[in-house]
Amino acid sequence: MGRPARAVVDAGRTSTGRTHAARARFDLAPGVPDLRHVPRDAWLRAAREALGTSGGTASNDDLGQPSPAGHPHARAVVAGHLRRARVVTGPDDAVVLTRGATDGMARVAAALVEAGHTHLLVEDPSWSVLRDVAARAGLTPVPVPVDAGGADVGALVDASRRTGARAALLTPAHQFPTGSALAPERREAVLTWARDVDGVVVEDDYDAEFRYDRRPVAALQQLDPDRVVLLGSVSKTMSPAFGVGWMVVPARWRESVARAAAPHGPTAAPSTVDQLTFARLVASGGYDRHLRAARGRYRRRRDAVLDALARELPGAAVRGIAAGMHALLSLPGSPDGPAPDAAHVVREAARREVTVVDLRRYQVRPAEQSTTLVLGYGNLADARVDDAVARLADAVRSARGSLVSPSGR
């Protein structure tokens, strides 16, 4: 959590469902960071500094059998970063290093099933990969509607009573794909629900670092560390190719999460080399520098995309807070007829070398009709923004034109 092809799970999240074939020339699909600005040199420096025989972080013993929860030094460094950047609460050993959010969700889902959970409340729409992982573990996804204030907590409570669900998967900082943030009163309400039912909230903190109109909202986890499991990774901040992620796990769930990792053996966590490299990147300030640069880049690109949409599709409405790497685009109609179906626009756009996604791709129960696109700009080259939006607008006009027949329909 429309897509041109089936999602392919990688070490962290997925891409937008395409394989390793070349990406579209005009990439307006969500879920992918700017691959032109992956911090390759900084990563290589961090690896040399971590592994160097003179003063390096890694000892000879560190290069032996790894721990499924991750290297203690790397866990401590990540914990410190999360306290500063996301106001996360908890000791260093609350952090478990993973191969990404997908891996983390698989472990949490297995622990929930072991504890007797049978259902998982999920936002509708939402990123399909994590809810699919939960379903494979044995949890039945229960959809909860989303509006401008994020997940509808009243509907969540009703669904919990109806199904007995005591676990929820949410994206409080920046809901995917609607782009809303969970309203303050709903943040409190969902935690009250979790306490009342002895439940747990899984917080998918996938791109909270990228907020452009204000400081990022603190993680939900810090409001109740005993009831929230936080998932994060570098898949959106750097690239899924690094395969580095983390969980912040309440004390009562740490043992069962560790057992969930046991079938994978020592490969449950990222390689020790990658853990220590990432820890060095964070400790040196290189990760923060990368985040600052990426934040400015995405903010400028978002502004450019919105400006181009205002010129090319003046009747279209863009929804979502000023954050992340995507927005919702409500397709405009015309004096001659209604807005075209999003699936038709996706096909017309593909003929123009533009990749976009129908909102239905992320709905738990896809609607029969959709006039909304999920528009990503993370991996769109700045020089191609105007051309990409112009081609998309042409695709919309073509799809709209096909709705008008000689009978006037």
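Located above this text is the structure these notes cover.
Residues numbered from 1 in each chain as written. Predicted model: local features only at pLDDT ≥ 70, side-chain atom pairs only at ≥ 80, totals over all residues. Heavy atoms only, no water.

Q: Kindly report on the overall build of the protein, identifying the contributing residues and their values.
A: Counting its secondary structure elements, the protein contains eleven helices and 14 strands. Going through the 409 residues of the protein one by one, you find that 56% of them count as buried. For the protein, the accessible area works out to roughly 16700 Å², and carbon and sulfur atoms hold 51% of it. (Helix = DSSP H or I, 4+ residues; strand = E, 2+ residues; numbered from the N terminus. Buried < 20%, exposed > 50% of the residue type's maximum accessible area, 1.4 Å probe, protein only. Areas by Shrake-Rupley, 256 points an atom, 1.4 Å probe, with all protein chains shown as cover.)

Q: I'd like a description of the packing of aromatic side chains, backed by residues and values.
A: Scanning the entire structure with this criterion turns up eight aromatic pairs. When the centroid spacing of 6.2 Å and the interplanar angle of 15° are considered together, the rings of Trp-127 and Tyr-362 count as stacked. On the criterion of sequence distance, the pair formed by Trp-127 in the loop between β3 (119-124) and α4 (128-137) and Tyr-362 in the loop between β13 (357-358) and β14 (372-376) is long-range, its members being 235 residues apart. You'll find Trp-127 and Tyr-362 in the same group, each marked buried. By the ring-pair criterion, three or more aromatic residues cluster together here, those being Trp-127, Phe-176, Tyr-206 and Tyr-362. (Phe/Tyr/Trp six-rings, centres within 6.5 Å; stacked < 30°, edge-to-face > 60°.)

Q: Describe the nonpolar core, naming the residues involved and giving the relevant values.
A: With 60 residues, the main nonpolar core has Trp-246, Phe-278, Tyr-287, Val-356, Leu-373 and Leu-392 as its most contacted residues. Broken down by element, the residue count for this core peaks at eight residues, all from helix α11 (residues 385-401). With residues near it in sequence (within four places) discarded, Tyr-287 still touches His-81, Glu-209, Val-234, Thr-237, Met-238, Trp-246, Phe-278, Leu-281 and Val-282. Judged by nonpolar contacts, the second largest core, of 32 residues, contains Leu-112, Trp-127, Phe-176 and Val-200. (Core = buried A, V, L, I, M, F, W, Y, C linked by side-chain atoms within 4.5 Å. Contact = heavy atoms within 4.5 Å.)

Q: Can you lay out the sheet that holds β13 for me, pointing to particular residues and giving the numbers?
A: Pairing in this open sheet of four strands is antiparallel, and the strands run β10-β11-β14-β13 from one edge to the other. Both edges of this open sheet fall to β10 (317-319) and β13, since each of them pairs with a single strand only. Taken together, the two bridges between β13 and β14 define a ladder with antiparallel strand orientation. For Asp-358, the partnering residue across the bridge sits in β14 and is Leu-373. (Pairing = 2+ DSSP bridges.)

Q: Any details on the sheet that holds strand β6 (residues 167-170)? Residues and values, ideally.
A: Strand order in the open sheet made by the eight strands is β2-β9-β8-β7-β6-β3-β4-β5, with mixed pairing throughout. Bordering the open sheet on either side are β2 (95-98) and β5 (150-151), each of which pairs with just one other strand. As paired elements, β2 and strand β9 (residues 245-248) share four bridges and run antiparallel to each other. Bridge pairing links Thr-98 to Gly-245 in β9. Packed onto the sheet, helix α6 (residues 184-196) meets β3, β4 (140-147), β5, β6, β7 (200-204) and β8 (228-233) and runs at close to 140° relative to β7. (Axes fitted to C-alpha atoms, helices over the stretch in contact; angles between N-to-C directions.)

Q: Can you break down the packing of helix α9 (residues 286-312) against α11 residue by residue, with the values?
A: Relative orientation of the contacting elements α9 and α11 amounts to 40°, with a least axis distance of 9 Å. Our pair here, α9 against α11, has a crossing hand that is right-handed. Across from Arg-301, Ala-304, Val-305, Ala-308, Leu-309, Arg-311 and Glu-312 in α9, the residues of α11 making contact are Val-385, Asp-386, Val-389, Ala-390, Ala-393 and Arg-397. Considered class by class, the residues forming the contact of α9 with α11 number eight nonpolar, no polar and five charged. (Left-handed = near helix turned anticlockwise from the far one by under 90°. Nonpolar A, V, L, I, M, F, W, Y, C, P; charged D, E, K, R; others polar.)

Q: Describe the layout of surface pockets, and please don't skip the residues or the numbers.
A: Vacant regions in the atomic arrangement are exposed by a probe of water-molecule size rolled over the atoms. If you add up the space inside the second largest pocket, you get close to 360 Å³. What lines the second largest pocket is a set of 15 residues, among which Arg-84, Ala-85, Arg-215, Pro-216 and Arg-295 lie closest to the centre. Taken together, the residues of the lining of the second largest pocket break down into six nonpolar, one polar and eight charged. (1 Å grid on protein atoms, 1.4 Å probe; cavity = no way out; pocket = protein on both sides within 12 Å on 5 of 7 lines; lining within 4 Å. Points joined across faces, edges and corners; volume = space filled by probe spheres on them.)

Q: Account for a positive patch on the surface, naming residues and giving values.
A: On the surface, Arg-45, Arg-48, Arg-289 and Arg-292 cluster together into a positively charged patch. Put simply, the parts of the chain that give the positive patch at least two residues each are α1 (40-51) and α9. Here Arg-289 falls in the partly exposed class, since its relative accessible area comes to 46%. (Patch = residues over 30% accessible without salt bridge, like charges linked within 9 Å, V, L, I, M, F, W, Y side chains within 5 Å. Salt bridge = Lys/Arg side-chain N within 4 Å of Asp/Glu carboxyl O. Lys, Arg positive; Asp, Glu negative; His and termini not counted. Charge placed at Lys NZ, Arg CZ, Asp CG, Glu CD.)

Q: So what about the environment of Ala-393? Which residues, and what values?
A: Turning to its location among the elements, Ala-393 is positioned in helix α11. When the C-alpha positions of Ala-393 and Glu-312 are compared, they lie 6.0 Å apart, and in sequence the two are 81 residues distant. Discounting chain neighbours no more than four positions away, the residues touching Ala-393 are Glu-312 and Leu-313.

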